[in-house]
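Examination of the molecular architecture
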Amino acid sequence: FDATGHLAAQPRAVFDKLPQNQLLTMKMDVPEAWLMEPVTAGHDLDNIKLSAVTQASIYARFKISKLYVQGNCDEQPSGQPPRGLQLALSTPGLGRTVSDTLVMANLGYFQLKAMPGTFELNMVPGRSTELYGMLGGNGLDKGSNGSFAMSVDSFTGRHVALSVKKKEGKENAQLLEVPEGSKLNLWGRL
């Protein structure tokens, strides 16, 4: 930076004496919450062979495409993960889905992609909303429509611990089970 605080020169990294015949990869080593993507690149950044490069340097420009909102979801009162529960992140008021995901069986892990801003976290309509109600979690504010408001306000991403509970009368129903007689199950299609 110069004395006025402006960028004096383009940031760059120089690596001399790299092996010429080996296959190299150029990527960014960034915080776990960043989803990076190359915006401009003169080469296939996953398959660089310096002996085949005709220019004096390899140029690439990267940008932060999205930030990861990661979390864990548990079913109360058992504490078990609701494997297959569908979650969505949407814009407040508009309901436009920004990202959606499934809750995994291992520790109830889920991951959504977003940019900085305020969002609504809710369940995707269908089997998830038939069986479950959202109880809330850390950093979530209860909205008027049953969703939960959250903000992505840091480049370190966001971690959410979410709890859900089965609705009354649905305690023994399985989320990933296809209802009997449905045209979606194998016997119904045959």
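Look up a bit, the structure's there.
Throughout what follows, the structure given in this document is the object of discussion. (Residues numbered from 1 in each chain as written. Predicted model: local features only at pLDDT ≥ 70, side-chain atom pairs only at ≥ 80, totals over all residues. Heavy atoms only, no water.)

This brings us to the pattern of salt bridges. Per the counting criterion, the structure on display carries two salt bridges. For K63, the salt bridge goes to E37, with nearest N and O atoms at 3.9 Å. One end of the pair, K63, is in strand β4 (residues 60-76); the other, E37, is in strand β2 (residues 34-41), and 26 residues separate them in sequence. Assessed through its relative accessible area of 40%, K63 is described here as partly exposed. For R127, the salt bridge is made with E130, and the minimal N-O distance between the two is 3.7 Å. Separated by three residues within a single helix, R127 and E130 lie in helix α1 (residues 127-131), roughly one turn from each other. (Salt bridge = Lys/Arg side-chain N within 4 Å of Asp/Glu carboxyl O. Helix = DSSP H or I, 4+ residues; strand = E, 2+ residues; numbered from the N terminus. Buried < 20%, exposed > 50% of the residue type's maximum accessible area, 1.4 Å probe, protein only.)

Moving on, we come to the packing of aromatic side chains. Under the defined criterion, the tally for this structure stands at one aromatic pair. Between W34 and F155, the ring centres sit 6.4 Å apart and the planes meet at 75°, which makes this aromatic pair edge-to-face. Within this pair, whereas W34 is found in strand β2, its partner F155 is found in the loop between β11 (148-152) and β12 (158-166), the two being separated by 121 residues in sequence. The class for W34 is partly exposed, based on a relative accessible area of 25%. (Phe/Tyr/Trp six-rings, centres within 6.5 Å; stacked < 30°, edge-to-face > 60°.)

Function-wise, these values are silent; they only describe arrangement.
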